[in-house]
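# Structural description and commentary
Here are the chains, one letter per residue:
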Amino acid sequence: MTTISKTITKDDIIVSGARSTGVIHIGNYFGAIRNFAKMIDDFENPSFFFIADWHALTTHQDAALLKDSVRKTLATYLGCGLDPNKSTIYLQSDVPAISELYLYLNMFAHLGELERTATFKEKIAANPNNINAGLLTYPVLMAADVLIHKGTKVPVGKDQAQHIEMIRTFSNRLNRVYKKEIFKEALAYSYSDDFVTVPSLNGSGKMSKSDDPNSAILLLDSDKDIEKKIKRAKTDTGPTEKNSPLTQEVKNLFDLMALFSNEEQITYFKNSYLDCSIRYGDLKNQLALDAIQFIRPLREQIEEYINKPNLLVEIAKSGAEKANNSANNTIEELRDTLGLTRKFLNKISN
Ligand code: ADP
């Protein structure tokens, strides 16, 4: 069962990230990054937000693209309000202890449960020619990402909720075997009762970086691109009977409107759907107008950071230093618990 926490207490440690597999889209923004920024403002708890460049390698194996995407993702975090003075912002690959913890946690992850993971099944269907072990153990690396800082609250979108349950399974198993509460339980965090899922523009499923580029609205899309993509979004032929239920494609458009448009506009178009007078062209024009108004200032802020590469390097460096301090403390404690203390003489003499 998916357990969502809506509370943060003083002992909570917040950890989350996004994969650098392309430009961040509005699904990542509303499902994750907006909440990262809000949490930093709302709570004084330690927080760690990283760019998951190792996770990107499971599906995206192009060095130049990865570099570009890492730079843009970091600029996006900052442009969306993540503050390096209040939070630790870093690249996953700058913290070697994560890979060491990943190795240990692999001993506590069972093959059957990894094979049953919904995202694994989706990813092997999408990448039949590259079903690599990294895809299978993705939830283990994600567990290492969170547990390396002893994270307890993980703001994520719905598609990641199952992974957070798996983190609890692995950490509880390790605690049980070594009879010590090394890790506390990590919970998915959401501001509302449910997770936000931003639908794809192609009529089905969630918006994703990995799909066809026209099905996702990117935070770096120009006004013209946003308009074009929304105008091309899938609809149906229109309601023929009054009070018909919404089809999936049209529901998706209303879900997008809920993110950008005001109540008055939404009610107007909902009523015109119910009385069959709706013109999808008008709805799309309104949606495009409102989406552009919302996205433009974000895009401008992100672009400002993209154009300051030295500042990005500085922020990533100081973030890595803080993240490594925290990560190394955890890994030292864990090595000791596992009987792997680095002090060779201690290891063989005790
Ligand atoms: P993608 O599927 O686009 O590659 P990531 O795996 O990098 O995205 O996910 C980064 C964060 O964005 C995660 O917390 C994920 O749950 C969230 N997220 C991704 N797509 C959506 C979506 N369409 N709606 C809501 N949240 C999403």
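### Some details on the overall build of the protein
Looking only at helices and strands, one finds 15 helices and six strands in the protein. For 350 residues, the compact-globule estimate of 2.2 N^0.38 gives 20 Å, and the protein sits close to it at 22 Å. Its C-alpha atoms give the protein principal-axis dimensions of roughly 85 × 45 × 45 Å. Of all 350 residues assigned to the protein, the portion counted as buried reaches 51%.

### Things to note about the packing of aromatic side chains
Under the criterion given, the structure shown has 12 aromatic pairs. Both rings, one in Y29 and one in F30, keep their centres 5.1 Å apart while their planes meet at 85 degrees; by these two values the pair is edge-to-face. The two residues Y29 and F30 agree in class, both being buried. Taking the centre distance of 6.0 Å and the plane angle of 70 degrees together, the rings of Y29 and F294 count as edge-to-face. Pair noted here: Y29 is in helix α1 (residues 26–42) and F294 is in helix α13 (residues 280–306), with a separation of 265 residues, a long-range link.

### Observations concerning the site of the ligand
Within the structure, the ligand sits among 19 residues, and H25, G157, D159, V198 and K206 are positioned closest to it. Between the ligand and G157 there is a distance of 2.8 Å, counted from an oxygen atom to a backbone nitrogen or oxygen. For the ligand, an oxygen atom lies 2.5 Å from a polar atom in the side chain of D159. In isolation the ligand offers 540 Å² of accessible surface; the protein chains occlude 96% of this area. At the level of secondary structure, the elements contributing two or more residues to the shell around the ligand comprise β2 (14–19) and α1. Ranked by the residues each element gives to the shell around the ligand, the list is headed by α1, at four residues.

### Points about the nonpolar core
Core analysis: the biggest nonpolar cluster contains 61 residues, and I26, Y77, L82, I217, L219 and F254 have the highest contact counts within it. Mapping this core onto the domain boundaries places at least three of its residues in each of domain 1 (4–189 + 308–349) and domain 2 (213–304). Here L82 is in contact with I33, F36, A37, I40, F49, Y77 and I89, once residues within four sequence places are set aside.

### Regarding the pattern of salt bridges
Enumeration over the complete set of coordinates arrives at 20 salt bridges. With a closest N to O distance of 2.7 Å, K150 and E333 form a salt bridge. One end of the pair, K150, is in the loop between α8 (138–147) and β5 (153–155); the other, E333, is in helix α14 (residues 309–338), and 183 residues separate them in sequence. Note that R296 and D223 form a salt bridge whose closest N and O atoms lie 2.9 Å from each other. With R296 in helix α13 and D223 in helix α10 (residues 223–232), the pair connects residues that are 73 residues apart, well separated along the chain.

About the criteria used
Residues numbered from 1 in each chain as written. Predicted model: local features only at pLDDT ≥ 70, side-chain atom pairs only at ≥ 80, totals over all residues. Heavy atoms only, no water. Helix = DSSP H or I, 4+ residues; strand = E, 2+ residues; numbered from the N terminus. Rg over C-alpha atoms; globule rule 2.2 N^0.38 Å. Buried < 20%, exposed > 50% of the residue type's maximum accessible area, 1.4 Å probe, protein only. Phe/Tyr/Trp six-rings, centres within 6.5 Å; stacked < 30°, edge-to-face > 60°. Near = heavy atom within 4 Å. Polar contact = N/O pair within 3.5 Å; in protein donor to acceptor, adjacent residues only side chain to side chain. Areas by Shrake-Rupley, 256 points an atom, 1.4 Å probe, with all protein chains shown as cover. Core = buried A, V, L, I, M, F, W, Y, C linked by side-chain atoms within 4.5 Å. Domains from an automatic or database assignment. Contact = heavy atoms within 4.5 Å. Salt bridge = Lys/Arg side-chain N within 4 Å of Asp/Glu carboxyl O.

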